[in-house]
Amino acid sequence: MKTVIIGTGPAGITAAETIRRHDADAELVLLTTEPWAPYSPPAMADHFLTGRREPLFWKGEDAAQRLGATELRGVRVTDVTPAAHEVTLSDGRRLGYDSLVLASGSRLHAPLPGIDLTGIHDFKSLDAAERIVEQVRAGDVRSAVIVGCGFIGVELALLLADLGVRVTVLGRRGWVMPRMLDPDTAAVAEAAIRERGVELRLGVPVSAFVGDATVEGVELADGTVLRADAYVAATGVKPHVEYLGASGIGMDWGVHVDDRLRTDAPDVYAAGDVAEAADRMTGERFVHAIFPNAVAQGEVVARNILGIDTVYAGAESMNSLKHLGIPIVSIGAMSGDDVLRWQHGRALRTVWLTDGRIVGCRLAGEIAGAGFYRALMLRGDDVRQHGRRLVEPSFGPAAVALPAVLPRTSSWSHVA
Ligand SMILES: Cc1cc2nc3c(=O)[nH]c(=O)nc-3n(C[C@H](O)[C@H](O)[C@H](O)COP(=O)(O)OP(=O)(O)OC[C@H]3O[C@@H](n4cnc5c(N)ncnc54)[C@H](O)[C@@H]3O)c2cc1C
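Bear in mind that the values here come from a model prediction, so they are computed numbers and not experimental data.

### A word on the overall build of the chain
Here is step 1: Counting secondary structure elements, the chain contains eight helices and 28 strands.
Here is step 2: For 416 residues, the compact-globule estimate of 2.2 N^0.38 gives 22 Å, and the chain sits close to it at 22 Å.
Here is step 3: Considering only C-alpha atoms, the chain reaches an extent of 65 × 60 × 35 Å along its principal axes.
Here is step 4: When the accessible surface of the chain is totalled, it reaches about 17,700 Å², and 49% of it is carbon and sulfur.
Here is step 5: Considering the chain, the positive charge centre built from 42 side chains and the negative charge centre built from 52 side chains are found 4 Å apart.

### Examining the pattern of salt bridges
Pairing is possible between side chains that carry opposite charge, provided their charged atoms lie close to one another.
Here is step 1: With the rule as written, the count across this model stands at 19 salt bridges.
Here is step 2: Among the salt bridges present, the one from Glu 195 reaches Arg 346, with a minimum N-O distance of 2.5 Å. Here Glu 195, found in helix H6 (residues 183–195), pairs with Arg 346, found in the loop between strand S25 (338–344) and strand S26 (347–354); they are 151 residues apart in sequence, far enough to count as distant.
Here is step 3: Looking at Glu 195, the relative accessible area reads 57%, which means it is exposed.
Here is step 4: Owing to a relative accessible area of 36%, Arg 346 belongs among the partly exposed residues under this scheme.
Here is step 5: Two residues, Asp 309 and Arg 260, come together in a salt bridge whose shortest N-O distance is 2.6 Å. Residue Asp 309 is found in the loop between helix H7 (291–305) and strand S22 (310–312), and its partner Arg 260 is found in the loop between strand S18 (255–256) and strand S19 (268–270); the two are separated by 49 residues along the sequence.
Here is step 6: Accessibility expressed as a relative area gives 29% for Asp 309, which makes it partly exposed.

### Quick word on the site of the ligand
Here is step 1: Surveying the vicinity of the ligand reveals 35 residues, the closest of which are Ala 11, Thr 33, Val 77, Asp 273 and Phe 291.
Here is step 2: Glu 34 is positioned such that a nitrogen or oxygen atom in its side chain is 3.4 Å from an oxygen atom of the ligand.
Here is step 3: Measuring from a nitrogen atom of the ligand, one finds a side-chain N or O atom of Glu 155 at 3.3 Å.
Here is step 4: If the ligand stood free it would expose 1,000 Å²; the protein chains cover 95% of that surface.
Here is step 5: Taken together, the elements giving at least two residues each to the shell around the ligand come down to helix H1 (10–22), strand S2 (27–32), helix H5 (151–162) and H7.
Here is step 6: When its residues are assigned to classes, the shell around the ligand shows 19 nonpolar, 11 polar and five charged.

### So, the side chain of Arg 20
Here is step 1: Among the structural elements, Arg 20 can be located in helix H1.
Here is step 2: The side chain of Arg 20 sits in the buried core without any salt bridge; Asp 23 is the nearest counter-charge, 5.2 Å away.
Here is step 3: For Arg 20, the side chain forms a polar contact with the main-chain oxygen of Leu 67, separated by 2.6 Å.
Here is step 4: Not counting chain neighbours up to four residues away, the residues in contact with Arg 20 comprise Asp 25, Ala 26, Leu 28, Leu 67 and Gly 68.

### Observations regarding the packing of aromatic side chains
Here is step 1: Here the structure, examined in full by the defined rule, presents four aromatic pairs.
Here is step 2: Ring centres 6.5 Å apart and planes at 40° place the aromatic pair Trp 36 and Phe 57 in the tilted group. With Trp 36 in the loop between S2 and helix H2 (44–50) and Phe 57 in the loop between H2 and helix H3 (63–66), the pair connects residues that are 21 residues apart, well separated along the chain. Accessibility assignment for this pair places Trp 36 and Phe 57 in one class, buried.
Here is step 3: With a centroid separation of 5.9 Å and 10° between ring planes, the pair formed by Tyr 373 and Phe 395 is classed as stacked. With a gap of 22 residues between them, Tyr 373 in helix H8 (residues 370–379) and Phe 395 in the loop between H8 and strand S28 (412–414) connect regions that are remote in the sequence.
Here is step 4: With relative accessibility at 1%, the residue Tyr 373 sits in the buried group.
Here is step 5: The class for Phe 395 is buried, based on a relative accessible area of 4%.

### Observations concerning the sheet that holds strand S10 (residues 143–147)
Here is step 1: Read across the sheet, five strands follow the order S9-S16-S10-S11-S12 without closing on themselves; strand pairing throughout is parallel. Both edges of this open sheet fall to strand S9 (120–121) and strand S12 (199–202), since each of them pairs with a single strand only.

### Notes on the nonpolar core
Here is step 1: Grouped together as the largest cluster of nonpolar side chains are 52 residues, with contacts concentrated most on Ile 6, Leu 31, Val 80, Val 87, Leu 100 and Leu 102.
Here is step 2: Sorting elements by how many residues they give to this core places H7 first, with six residues.
Here is step 3: Setting aside chain neighbours within four positions, we find Ile 6 in contact with Leu 31, Val 77, Val 80, Val 87, Leu 100, Val 101, Leu 102, Ala 103, Ser 104 and Tyr 243.
Here is step 4: Core analysis: the next-biggest nonpolar cluster, separate from the first, contains 51 residues, Ala 37, Ala 45, Leu 126 and Val 136 among them.

### Notes on the sheet that holds S19
Here is step 1: One open sheet accounts for five strands, arranged S3-S2-S1-S7-S19; its pairing is parallel. One side of each edge strand has no neighbouring strand; the edge strands of this open sheet are strand S3 (70–73) and S19. Averaged over all neighbouring strand pairs, the angle between strand axes comes to 15°, with direction disregarded.
Here is step 2: When strand S1 (residues 2–6) meets strand S7 (residues 99–102), the two strands line up parallel, connected through four bridges. Bridged to Ile 6 within S7 is Leu 102.
Here is step 3: Contacts from H1 reach S1 and S2 within the one sheet, and its direction differs from that of S2 by about 170°.
Here is step 4: Taken strand by strand, H7 contacts S1, S7 and S19, and its axis lies near 160° from that of S19.

Calculation criteria
Residues numbered from 1 in each chain as written. Predicted model: local features only at pLDDT ≥ 70, side-chain atom pairs only at ≥ 80, totals over all residues. Heavy atoms only, no water. Helix = DSSP H or I, 4+ residues; strand = E, 2+ residues; numbered from the N terminus. Rg over C-alpha atoms; globule rule 2.2 N^0.38 Å. Areas by Shrake-Rupley, 256 points an atom, 1.4 Å probe, with all protein chains shown as cover. Lys, Arg positive; Asp, Glu negative; His and termini not counted. Charge placed at Lys NZ, Arg CZ, Asp CG, Glu CD. Salt bridge = Lys/Arg side-chain N within 4 Å of Asp/Glu carboxyl O. Buried < 20%, exposed > 50% of the residue type's maximum accessible area, 1.4 Å probe, protein only. Near = heavy atom within 4 Å. Polar contact = N/O pair within 3.5 Å; in protein donor to acceptor, adjacent residues only side chain to side chain. Nonpolar A, V, L, I, M, F, W, Y, C, P; charged D, E, K, R; others polar. Contact = heavy atoms within 4.5 Å. Phe/Tyr/Trp six-rings, centres within 6.5 Å; stacked < 30°, edge-to-face > 60°. Pairing = 2+ DSSP bridges. Core = buried A, V, L, I, M, F, W, Y, C linked by side-chain atoms within 4.5 Å. Axes fitted to C-alpha atoms, helices over the stretch in contact; angles between N-to-C directions.

Printed below as a string of structure tokens:
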């Protein structure tokens with residue numbers, strides 16, 4: 001059985017590892033546009049600050065050899081032809097497959113005038129990260145403007161600030177990481193970010209990157225132009241689906257997948273940032289571009305390729321921020337018909353409920369019990385009986401004397 005995997009990010013490499021774990025003889029071909037061994041994007045900031053390689057190359061720099069896989073780096077898939085079970089590479093080569101995994105992840109999405117000007121940085125790949133860090137280390141960048149205040153923009157801002165750069169972050173919305181945090185939890189994050197020396201300018205829409213051929217400034221909606229040594233776009237991500245145009249594979253923003261992460265083409269699966277999977281809580285289909293979903297989906301895809309019928313439980317909206325100096329966890333929704341808050345100094349815990357069931361939480365400073373909230377949320381327990389205790393840091397299975405709460409929280413289930 002020959003499996004071709006497009007992408008060696010968390011989704012692709014997890015699919016490869018899972019196949020190898022169950023099948024010593026499977027033929028594995030890993031394709032990546034990048035020159036690197038599989039790496040973990042969330043570990044890039046740590047790598048550039050500390051020089052450590054292990055968290056970055058999280059599967060080892062010899063991952064492909066260890067898995068007995070053929071790894072082609074620096075190659076781009078330009079076409080997929082499901083009828084022929086074939087992919088085409090930019091150098092014209094064609095590769096046949098028995099099964100194909102689309103794990104091509106996502107790229108920067110920056111629908112702003114001027115984005116094609118030379119010199120605009122991003123932080124979406126190791127190459128891109130190296131480019132800006134090298135310029136900082138060479139002394140060419142002492143100030144930077146980052147457009148976008150999602151978690152990627154914030155991570156880069158903190159890294160650059162730690163490297164001695166004067167950083168300004170511009171956010172269209174009035175608070176940081178608006179897709180992940182409510183305004184109150186974001187305020188905790190903002191205080192930590194500002195303490196690290198980053199200037200945040202929030203509620204400030206950007207109208208364009210400006211310059212002749214090379215970027216020379218960022219223009220705000222009020223006409224002001226901000227100047228710096230470096231400009232970064234961190235405005236969002238978009239699935240890498242360009243190479244699927246002629247394939248006939250169904251997609252909208254991302255690739256359509258069913259509950260086994262099969263696309264609508266025979267023997268073609270999709271996992272990670274490229275896949276538009278159902279949300280575990282709401283069933284709504286969208287791209288959940290976070291690391292744990294990519295890993296879980298890579299595993300589900302591999303199991304189904306191996307013939308182990310496995311249903312994906314659905315993607316989760318979940319994240320944890322470790323770079324701020326204050327831990328923050330976000331799980332599920334940020335609204336409900338009831339909300340409980342607990343605050344102590346800088347620590348803030350918020351739990352949202354609908355019909356007495358937890359639908360989401362945001363924990364800052366005191367993150368104990370996050371896993372327990374998630375478990376209760378996934379199980380859909382009515383938790384009204386616990387009242388305000390629910391939001392206190394001491395809340396947990398022991399504190400509330402619940403019968404051993406051991407909900408099944410795995411991201412997939414094996415269909416016997
Ligand atoms: C700076 C940064 C920080 C992050 N921090 C967090 C975090 O704290 N928590 C969290 O949950 N998530 C975080 N994420 C998001 C997380 O890294 C992604 O969700 C995850 O990497 C997605 O994995 P993936 O395998 O789907 O795709 P990717 O990691 O994007 O990998 C895609 C792979 O596909 C290859 N590829 C693409 N197109 C082609 C093609 N045409 N031909 C061949 N190969 C191709 C690429 O070269 C690459 O190997 C962060 C991301 C970034 C950039």
